[in-house]
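For reference, the chains in residue letters:
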Amino acid sequence: MTEFSEWFHNILEEAEIIDQRYPVKGMHVWMPHGFRIRKNTLKILKDILDRDHEEVLFPLLVPEDELAKESIHVKGFEDEVYWVTHGGLTRLQRKLALRPTSETVMYPMFALWVRSHSDLPMRFYQVVNTFRYETKHTRPLIRVREITTFKEAHTIHSSAAEAEEQVERAIEIYREFFDALGIPYLITKRPPWDKFPGSDYTMAFDTIMPDGKTLQIGTVHNLGQTFARTFDIKFENPDGEHEYVHQTCYGLSDRVIASVIAVHGDESGLCLPPEVASYHVVIVPVIFRGAEEEVLDACRGLMERLESAGFRAHLDDRDLRAGRKYYEWEMRGVPLRIEIGPRDLKNNSAVISRRDTGEKTTADLESIEDTLRELMDDILENIRKRAWERMNSMIREAETLEEAAEIIEEKRGIISFMWCGDEECGKDIEEKVRVDILGIQEGGTGTCINCGREAEHRAFLARTY
Ligand code: PR8
């Protein structure tokens, strides 16, 4: 693949995912093809969340005093907040922030909603746009100032154990979601100096982009009782006493789509998991003079059959060369293409071509639905396997900090090593290698790569987006 960022920039434009020319930095336009991919991805996510979460929709604007209430939280976000100061020509008495995330929007309402232990647990989510005035280099879908697809879940519990359990469940939810997209991930606990502002701890999902830098694609935060105390969210326990609730929240963004595009894409463009692609299958008639109507009729018939069998199918009957159509649909990542010409009709068959491997097979028209279904399953499995193998090959073990620095410099990727867990030592490592600690996994024994003390943490370093 040519230089990744150039490839990424070009494919967003060529495949008509995003129009990057909108005249506000960090804000972009979803185009019809991109929007369909976004919608299909959200459907997978919502189907999982809807099993035990309620979807809600809260306002965009946060009063300044609410945003400022939780001091650690506001400190984490104060540099990134956009403010609404006027209504028309009138200066507002209370400034209003565009939500950078919705804890301070939702939690004053949660204080009104939560009454008794029998109300709990509560699990909500919303998919909204949020605004963060990012000062680092912005990139479409990866670091934006308007996050257009911010899925945020917020849960409320009556005990610390239950909140802890919810963190595990959220991790399982994200695993299931990323597996459905074939995106590989590393799950770690963020170091304490990099956790979500106001949380007790943060668990994060990272994947590796083709240039070897990691991208954080999802986070799960245990909020403990910090926000409950700030916003006075209490419930009455079975003994009639009032206790503060325990909370979690977890979020995903446009980065999910960025990773689907980047992780599976290749020189020919997008290569999408079937359930994400705008169409599962595109039918291209192979027309020779004299047999046009016969072939087109057969294609139309097949199209109807596939749609009623639940496929997202598209008949490309434009008056263009077949080669041009193949190129376009390959670039847009449609997983399967059916070609039908007069000879195929005579044999009651069709040629099916796979986007992921380029393989072509001749299938019986009678049972083509079954063949397509099998191929779709196989494609997801194949691209998932390919992506995991690539990611695993980019996680490398280092014994010394010099070795870690060298690998990062030459090969990028993720460096895995043993660490004592001491904050000062961790920051010293970051300074020496000049790369941030991505996260930590507990367990294992060895000696710390930096101070040589006994180590029970495996830590990971990576250049990140
Ligand atoms: C929360 N509150 O907010 P989080 N562009 C694209 N994606 C981004 C950006 C950006 N500028 N900033 C963050 N993300 C919690 C959980 C409600 C939900 C992505 O958590 O600040 C990151 O990948 O960690 C992150 O994982 C996710 O949004 C949630 O943001």
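Going by the structure above, here's the rest.
What you see is a predicted model, and the numbers here were worked out from it, not measured in a lab. (Residues numbered from 1 in each chain as written. Predicted model: local features only at pLDDT ≥ 70, side-chain atom pairs only at ≥ 80, totals over all residues. Heavy atoms only, no water.)

A separate point is the site of the ligand. For the ligand, the set of nearby residues contains 21 residues, the closest of which are Glu 103, Glu 134, Val 144, Thr 219 and Ser 253. Take Ile 142: an N or O atom from its main chain is 3.5 Å from a nitrogen atom of the ligand. In this structure, a nitrogen atom belonging to the ligand sits 2.8 Å away from a side-chain N or O atom of Ser 253. Taken together, the elements giving at least two residues each to the shell around the ligand come down to β8 (146–157), β11 (214–224) and β14 (246–252). (Near = heavy atom within 4 Å. Polar contact = N/O pair within 3.5 Å; in protein donor to acceptor, adjacent residues only side chain to side chain. Helix = DSSP H or I, 4+ residues; strand = E, 2+ residues; numbered from the N terminus.)

Between helix α9 (residues 292–308) and helix α12 (residues 368–393), whose axes approach to 11 Å, the crossing angle comes to 60°. Judged by the angle between their axes, α9 and α12 are oblique. When the axes of α9 and α12 are compared, the crossing they make is right-handed. Across from Leu 302, Arg 305 and Leu 306 in α9, the residues of α12 making contact are Ile 368, Glu 369 and Leu 372. For the contact of α9 with α12, the residue count by class is four nonpolar, no polar and two charged. (Axes fitted to C-alpha atoms, helices over the stretch in contact; angles between N-to-C directions. Parallel < 35°, antiparallel > 145°, perpendicular 65-115°, else oblique. Left-handed = near helix turned anticlockwise from the far one by under 90°. Contact = heavy atoms within 4.5 Å. Nonpolar A, V, L, I, M, F, W, Y, C, P; charged D, E, K, R; others polar.)

Approximately 1200 Å³ is the volume attributed to the largest pocket. If you trace the largest pocket, you find 46 residues lining it, with Arg 132, Arg 143, Asp 194, Gln 216 and Arg 255 closest to the centre. Elements that contribute at least two residues to the lining of the largest pocket include exactly α4 (71–77), β8, β10 (201–208), β11, β14 and β22 (437–447). Grouping the amino acids of the lining of the largest pocket by side-chain chemistry returns 17 nonpolar, twelve polar and 17 charged. In this model, the second largest pocket occupies a volume close to 210 Å³. Forming the walls of the second largest pocket are Pro 285, Val 286, Ile 287, Phe 288, Leu 296, Asp 317, Arg 318, Asp 319, Leu 320, Arg 321, Ala 322 and Lys 325. Counted by class, the lining of the second largest pocket contains seven nonpolar, no polar and five charged residues. (1 Å grid on protein atoms, 1.4 Å probe; cavity = no way out; pocket = protein on both sides within 12 Å on 5 of 7 lines; lining within 4 Å. Points joined across faces, edges and corners; volume = space filled by probe spheres on them.)

What follows covers empty space enclosed by the protein. All told, the structure shown has three cavities of 30 Å³ or more when counted by the stated rule. Taken as a whole, the largest cavity holds about 80 Å³ of empty space. Lining of the largest cavity is provided by Arg 38, Thr 41, Leu 42, Leu 45, Thr 149, Lys 151, Phe 177, Leu 252, Ser 253, Val 256 and Ile 257. Broken down by secondary-structure element, the contributors of at least two residues to the lining of the largest cavity are α2 (32–49), β8 and α8 (255–264).

What follows covers a negative patch on the surface. Among the surface-exposed residues, Asp 370, Glu 374, Asp 377 and Glu 381 lie close enough to one another that they form a single negatively charged patch. Structurally, Glu 374 can be placed in helix α12. (Patch = residues over 30% accessible without salt bridge, like charges linked within 9 Å, V, L, I, M, F, W, Y side chains within 5 Å. Areas by Shrake-Rupley, 256 points an atom, 1.4 Å probe, with all protein chains shown as cover. Salt bridge = Lys/Arg side-chain N within 4 Å of Asp/Glu carboxyl O. Lys, Arg positive; Asp, Glu negative; His and termini not counted. Charge placed at Lys NZ, Arg CZ, Asp CG, Glu CD.)

Moving on to the state of the cysteines. A full pass over the atoms with the stated rule returns zero disulfides. Counting only cysteine sulfurs, Cys 425 is the nearest neighbor of Cys 420, a cysteine outside any disulfide, at a range of 3.7 Å. Classification of Cys 420 as buried rests on a relative accessible area of 16%. (Disulfide = S-S within 2.5 Å. Buried < 20%, exposed > 50% of the residue type's maximum accessible area, 1.4 Å probe, protein only.)

Each aromatic ring pair is specified by the distance between its two centres and by the angle formed by the two planes. If you walk through the whole model with that rule in mind, you get 23 aromatic pairs. Geometrically, the ring pair formed by Tyr 174 and Tyr 250 is edge-to-face, given 6.0 Å between the ring centres and 80° between the ring planes. One end of the pair, Tyr 174, is in helix α6 (residues 160–181); the other, Tyr 250, is in strand β14, with 76 residues separating them in the sequence. Through pairs of rings, three or more aromatic residues link up here, namely Phe 58, Tyr 107, Phe 110, Trp 113, Phe 124, Phe 227 and Phe 231. Here the basic side chain of Lys 95 rests over the ring of Trp 83, its NZ or CZ set 4.2 Å away from the ring centre. The ring of Tyr 465 is capped by Lys 213, whose NZ or CZ atom sits 4.3 Å from the centre of that ring. (Phe/Tyr/Trp six-rings, centres within 6.5 Å; stacked < 30°, edge-to-face > 60°. Lys NZ or Arg CZ within 6 Å of the ring centre and 35° of its normal.)

Let's shift gears to the sheet that holds strand β16 (residues 313–315). Strand order in the open sheet formed by five strands is β16-β15-β17-β18-β19, and the pairing between neighbours is mixed. One side of each edge strand has no neighbouring strand; the edge strands of this open sheet are β16 and β19 (360–364). Strand-to-strand, the axes of this sheet are offset by a mean angle of 25°, without reference to chain direction. Packed onto the sheet, helix α10 (residues 322–331) meets β15 (281–285), β16 and β17 (336–340) and runs at close to 175° relative to β15. (Pairing = 2+ DSSP bridges.)

Here we come to a nonpolar patch on the surface. Taken together, Tyr 22, Val 24 and Val 29 make up a surface patch of nonpolar side chains, about 240 Å² in accessible area. Along the polypeptide, Val 24 turns up in the loop between β1 (18–19) and β2 (29–30). Exposure remark for Val 24: the relative accessible area of 34% places this residue in the partly exposed category.

Moving on: unusual backbone geometry. With an omega dihedral of 0°, the bond running from Leu 120 to Pro 121 counts as a cis peptide bond. Positionally, Pro 121 belongs in the loop between α5 (103–113) and β7 (122–131). Residues other than glycine seldom take positive phi values, yet Glu 16 does so here, at roughly 55°. Checked against the element boundaries, Glu 16 lands in the loop between α1 (4–14) and β1. Under the relative-accessibility criterion, Glu 16 is labelled partly exposed at 35%. Look at Leu 141: it is not a glycine, yet its phi comes out positive at around 70°.

Our focus in this paragraph is the environment of Arg 318. Here Arg 318 lies in the loop between β16 and α10. Its relative accessible area of 34% is what places Arg 318 among the partly exposed residues. With 39 residues separating them in the primary sequence, Arg 318 and Tyr 279 have C-alpha atoms 17 Å apart. Look past the residues within four positions of Arg 318 in its chain and what remains in contact with it is Lys 325, Glu 328 and Trp 329. Polar side-chain contacts of Arg 318 include one of 2.9 Å to the side chain of Asp 316.

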